[in-house]
Each structure stands twice: as structure tokens, then as C-alpha cells.
Amino acid sequence: MKCKQCEKKAVIRLRAHHISLCREDFLAFVLNRVQRTIDKYKIFVPGERVLVAVSGGKDSLALFDILQRLGYAVEGLHIDMGIDGFSQRARNVVEDFLAKRDAPLHLHALGEEAGAGVPEIASQLQRPPCSLCGMMRRYVMNRFAREKGFTALATGHNLDDEGATLLGNVTSWQIGYLARQSPLLPSTHPKLVTKAKPLALLAEREVLAYCLLRGIEFHEEQCPHSKGATSRNHKEVLNLLEYYSPGSKIRFYQEFLKNQRIFSAIESHALQECSVCGSLTTRETCQFCTVLGKLRGSSRAASDRIGASKG
Ligand code: AMP
Ligand code: ZN
């Protein structure tokens with residue numbers, strides 16, 4: 001197998017693109033693809049400070065590496081969700097990765113703010129940990145970016161993530177979500193930062209190969225609470241399609257983006273300011289403050305019970 005560009009020995013075959021590439025040309029292909037995504041969807045403006053949400057996983061570390069190589073002024077934000085040993089190990093990986101790069105790392109520990117990590121909050125409030133974790137993470141990311149004056153927040157979502165989300169939204173015809181799924185979600189309000197997914201046109205396998213070939217050491221562990229996530233089923237379905245018909249995954253997503261305006265006209269959702277923290281929400285009190293309020297209520301009730309039993 002020879003590299004399509006230089007005839008050297010190829011290290012990877014990209015069936016979706018009908019090419020095989022050597023190490024150097026594959027690394028260049030990845031950088032080029034991300035730059036083209038940024039240009040096509042006007043994700044960043046030159047000179048913009050970019051905040052990358054780094055979990056420690058392969059996608060967000062690859063994203064950080066790529067944006068730095070492309071010349072963007074990137075800073076990292078890591079949120080410690082307080083999940084058993086998992087969060088500690090993720091945090092160590094992120095700290096090691098950023099220590100070797102000339103870029104700031106911002107750390108936010110959910111436990112310090114909420115008084116507990118995700119597993120305890122979930123069991124106290126009897127809510128599924130995954131959705132709670134996602135909601136709280138998105139809240140902290142947006143608030144942090146806004147307070148520190150970043151105009152955009154970049155996450156490591158790749159083509160498989162976006163394809164799986166799209167498939168989920170299509171199978172249940174979530175028109176509102178379909179209108180808003182894009183590599184760039186521009187801010188619609190001063191309190192909402194722009195969300196960017198510069199890896200949206202790179203398959204998970206390509207991101208993984210990038211990390212391995214660059215020697216990026218990432219956190220490989222699955223979150224102990226993520227077992228059975230439906231997005232994993234959707235990814236499997238898309239991988240099966242891709243196996244039988246290479247290029248299906250990228251076609252599914254890109255053709256959707258080309259035709260997305262069909263859904264845009266239908267979307268409408270009224271936002272108001274949260275009565276507690278002032279962030280934007282569709283309810284009177286945002287979900288994050290609702291969770292913190294319930295937590296404080298349940299610990300007050302517990303201490304009242306203890307007080308009553310002592311009395
Ligand atoms: P996930 O929802 O776990 O697939 O993560 C999607 C993206 O969110 C990652 O690629 C990161 O950019 C970001 N992310 C996830 N977890 C964290 C975290 N604990 N701290 C900062 N960013 C995160
Ligand atoms: Zn709030």
C-alpha cells in the first residue's frame with residue numbers, strides 16, 4: 001500500500017476518501033481538513049482567543065494540538081466532575097499534556113462548587129448521572145467562557161459523535177435540535193458563547209490515528225457511568241453502513257448540513273434569564289441552579305432530621 005501523495009509506504013487507508021497515506025501526509029491531511037472546516041463554517045476569526053474544553057480523551061487533546069499547530073491562541077478548560085478515580089486520572093492526563101505546551105490550563109472542580117461530584121448528586125437527586133453530568137458540564141463551560149471574555153468554546157466532537165447525534169435526532173424527528181446541529185453554533189445572546197466543533201468532519205478513527213502517530217498520550221478509560229449510552233448504538237449503526245458503503249458517514253452528515261435550512265424556519269424557543277444566576281434558560285430557574293437548590297434543600301432536610309433526632 002503506497003501513499004497517494006508521495007509513493008512512500010502508507011500507514012493508513014481512508015476508504016471514505018479513496019486514498020492511502022504515509023505518516024507525514026496523513027498528519028497534513030488532518031490539519032488541512034480541520035482548517036477547511038474552520039474556513040467553510042467561519043468558525044474562528046483570525047487572532048481570536050480560543051478556549052478548548054479538554055476532557056483528557058483523544059478528541060479534545062487532538063483538537064488542542066491541531067489548533068495550536070494551525071497558529072490559534074488556544075487555552076484549555078478542564079472540568080473535574082468528581083467521578084470516583086476516573087476524574088482524577090483524566091485531570092492528571094490533561095495536566096501532563098498542557099505542561100508540555102506553552103498554553104494556559106484553567107481547572108474547575110465541580111465538587112468545590114456543588115459540594116459533591118456527579119455520582120453523589122445523581123444518587124441524592126435520583127437522576128441518571130450521564131444527563132446530569134452533560135448538563136452541568138455545558139453550564140460550567142458556557143459560564144466560564146463568558147466570564148473570562150472568550151467568544152468561542154471549542155469541543156472535540158468528531159464526525160462519529162455528530163453522525164450519532166444526527167441519527168438520534170432523525171429517528172425521533174427532533175426538529176428543534178436538527179435546526180441547531182452544526183460545526184458552528186453562533187451565539188444568539190450576549191450570555192451564550194459560540195460553540196465550535198472543528199473536528200466535525202474527521203472520523204473517530206482518523207482522530208485516533210492522529211493521536212497515535214503524533215504520540216499524544218490520552219485518557220483511554222470509559223467513564224464508569226456511560227455504559228449502554230444510546231449514542232454508542234447509533235455509532236455502531238453508522239459504522240455498519242460505513243463498512244458496506246465507505247463514505248456513508250461523511251455523506252450523511254455533510255448532506256444534512258447542506259440541506260439544514262429546511263429545519264431552521266420551524267425552530268422557535270423562548271429564552272429568559274434564570275431567576276437565580278441570570279444565565280439563559282427556557283424555564284424560570286435554570287437546570288444547574290435547580291440541581292444546586294435541590295442539593296442544598298436535601299442536605300438541610302438531612303441536618304434537620306439529625307437535629308430533631310438529637311432533640
Ligand atoms: P463527551 O460528551 O464526553 O463525548 O465530550 C465531548 C467534548 O466535551 C469533549 O471532546 C471535550 O471537548 C468536552 N469535554 C468532555 N468532558 C470534559 C471535561 N471534563 N472537561 C472539559 N471538557 C470536557
Ligand atoms: Zn441558574
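Details of the structure are given in the entry above.
Residues numbered from 1 in each chain as written. Chains lettered and ligands numbered in written order. Predicted model: local features only at pLDDT ≥ 70, side-chain atom pairs only at ≥ 80, totals over all residues. Heavy atoms only, no water.

Q: Help me understand unusual backbone geometry in this model?
A: Only a minority of non-glycine residues have a phi that is not negative, and only a minority of peptide bonds are not trans. Backbone geometry at histidine 18 places phi at a positive 55°, although glycine is not the residue there. At lysine 42, a residue that is not glycine, the phi angle is positive and equals roughly 45°. The residue lysine 42 is located in the loop between α1 (23-40) and β3 (49-53) in this model. Accessibility expressed as a relative area gives 66% for lysine 42, which makes it exposed. (Helix = DSSP H or I, 4+ residues; strand = E, 2+ residues; numbered from the N terminus. Buried < 20%, exposed > 50% of the residue type's maximum accessible area, 1.4 Å probe, protein only.)

Q: Honestly, the sheet that holds strand β6 (residues 152-154) in this entry has me stumped. Any pointers?
A: Strand pairs in the sheet, formed through backbone hydrogen bonds, run parallel or antiparallel to each other. On the basis of which strands lie adjacent, the open sheet formed by 6 strands has the order β5-β4-β3-β6-β8-β7 and mixed pairing. At either margin of the open sheet sits one strand with a lone partner, and together these are β5 (105-109) and β7 (184-185). Here β3 pairs with strand β4 (residues 73-80) via 5 bridges, running parallel. Paired with valine 52 across the two strands is glycine 76, which belongs to β4. Packing against the sheet, helix α2 (residues 58-69) makes contact with β3, β4 and β6, and its axis sits at approximately 160° to β3. On the sheet, helix α6 (residues 129-147) packs against β3, β4, β5, β6 and β8 (194-196) and is oriented at approximately 140° with respect to β4. (Pairing = 2+ DSSP bridges. Contact = heavy atoms within 4.5 Å. Axes fitted to C-alpha atoms, helices over the stretch in contact; angles between N-to-C directions.)

Q: How should I be thinking about the environment of phenylalanine 256 in this particular structure?
A: With respect to the helices and strands, phenylalanine 256 occurs in helix α11 (residues 248-259). Distance in space between the C-alpha atoms of phenylalanine 256 and glutamine 222 is 30 Å, their sequence separation being 34 residues. In this structure phenylalanine 256 touches Leu166, Leu178, Gln181, Arg251 and Phe263, once residues within four positions along its chain are discounted.

Q: Honestly, the coordination of the zinc ion (ligand 2) in this entry has me stumped. Any pointers?
A: Think of it this way: four donors in a tetrahedron around the metal ideally sit 109.5 degrees apart, and six in an octahedron ideally sit 90 or 180 degrees apart. Coordination of the zinc ion (ligand 2) by the protein involves Cys274 (SG), Cys277 (SG), Cys286 (SG) and Cys289 (SG), with metal-donor separations of 2.3 to 2.4 Å. Its 4 donor atoms give the zinc ion (ligand 2) angles of 103 to 118° at the centre, a pattern that matches the tetrahedral case. Every donor residue of the zinc ion (ligand 2) comes from the same chain, spaced as C-x2-C-x8-C-x2-C. Taken together, the residues cysteine 274 in the loop between β9 (272-273) and β10 (280-281) and cysteine 289 in helix α13 (residues 287-310) connect sequence positions 15 residues apart. Using a relative accessible area of 5% as the deciding quantity, one classes cysteine 274 as buried. (Donors = N, O, S within 2.8 Å, 3.2 Å for Na, K, Ca; no water. Tetrahedral: all angles 85-135°; square planar, octahedral: opposite > 155°, others 65-115°.)

Q: Whenever I open this one, the packing of aromatic side chains confuses me. Can you help?
A: Two measures describe an aromatic ring pair: the distance that separates the ring centres and the angle between the ring planes. The tally for this structure, following the rule as stated, stands at 6 aromatic pairs. Note on tyrosine 139 and phenylalanine 288: the rings are 3.9 Å apart at their centroids and 5° apart in plane angle, and the pair reads as stacked. Of the two residues, tyrosine 139 sits in helix α6 while phenylalanine 288 sits in helix α13, which places them 149 residues apart along the sequence. A ring pair is formed by tyrosine 243 and tyrosine 244, whose centres lie 5.1 Å apart and whose planes are at 80°; its orientation type is edge-to-face. Judged by its relative accessible area of 56%, tyrosine 243 falls in the exposed class. Residue classification places tyrosine 244 among the exposed positions, given a relative accessible area of 65%. A cation sits over an aromatic face here: arginine 49 above phenylalanine 150, 4.0 Å from the ring centre. (Phe/Tyr/Trp six-rings, centres within 6.5 Å; stacked < 30°, edge-to-face > 60°. Lys NZ or Arg CZ within 6 Å of the ring centre and 35° of its normal.)

Q: What should I look at first to understand the site of ligand 1 in this one?
A: Every residue lining ligand 1 is accounted for by Ala53, Val54, Ser55, Ser60, Leu77, His78, Ile79, Arg137, Met141, Thr155, Gly156 and His157. Between ligand 1 and the protein, one listed contact pairs an oxygen atom with a backbone N or O atom of alanine 53 at 2.5 Å. One of the backbone nitrogen or oxygen atoms of glycine 156 is found 3.0 Å away from an oxygen atom of ligand 1. Here ligand 1 has 480 Å² of accessible area as a free molecule, and 75% of this is covered by the chains. Among the secondary structure elements, those contributing two or more residues to the shell around ligand 1 are β4 and α6. (Near = heavy atom within 4 Å. Polar contact = N/O pair within 3.5 Å; in protein donor to acceptor, adjacent residues only side chain to side chain. Areas by Shrake-Rupley, 256 points an atom, 1.4 Å probe, with all protein chains shown as cover.)

Q: Explain the packing of α2 against helix α3 (residues 84-99) here, please?
A: Each pair of packed helices can be described by the angle between their axes along with the distance between the axes. α3 packs onto α2 with a crossing angle of 15° between their chain directions and a minimal axis gap of 12 Å. It follows that α2 is roughly parallel to α3 by the angle criterion. Handedness of the α2/α3 crossing: right-handed. Here Leu61, Phe64 and Asp65 of α2 come into contact with α3, specifically with Val93, Phe97 and Leu98. Split by residue class, the contact of α2 with α3 holds 5 nonpolar, no polar and 1 charged. (Parallel < 35°, antiparallel > 145°, perpendicular 65-115°, else oblique. Left-handed = near helix turned anticlockwise from the far one by under 90°. Nonpolar A, V, L, I, M, F, W, Y, C, P; charged D, E, K, R; others polar.)

Q: Sorry, what's going on with the layout of surface pockets here?
A: One way to see where empty space is left: roll a probe the size of a water molecule over the atoms. For the second largest pocket, the calculated volume is near 390 Å³. Lining the second largest pocket we find 23 residues, and of these Ala203, Arg205, Asn239, Glu242 and Lys249 sit closest to its centre. For the lining of the second largest pocket, the element with the most residues is helix α10 (residues 230-244), which contributes 6 residues. Among the residues making up the lining of the second largest pocket, the classes are represented as 8 nonpolar, 3 polar and 12 charged. (1 Å grid on protein atoms, 1.4 Å probe; cavity = no way out; pocket = protein on both sides within 12 Å on 5 of 7 lines; lining within 4 Å. Points joined across faces, edges and corners; volume = space filled by probe spheres on them.)

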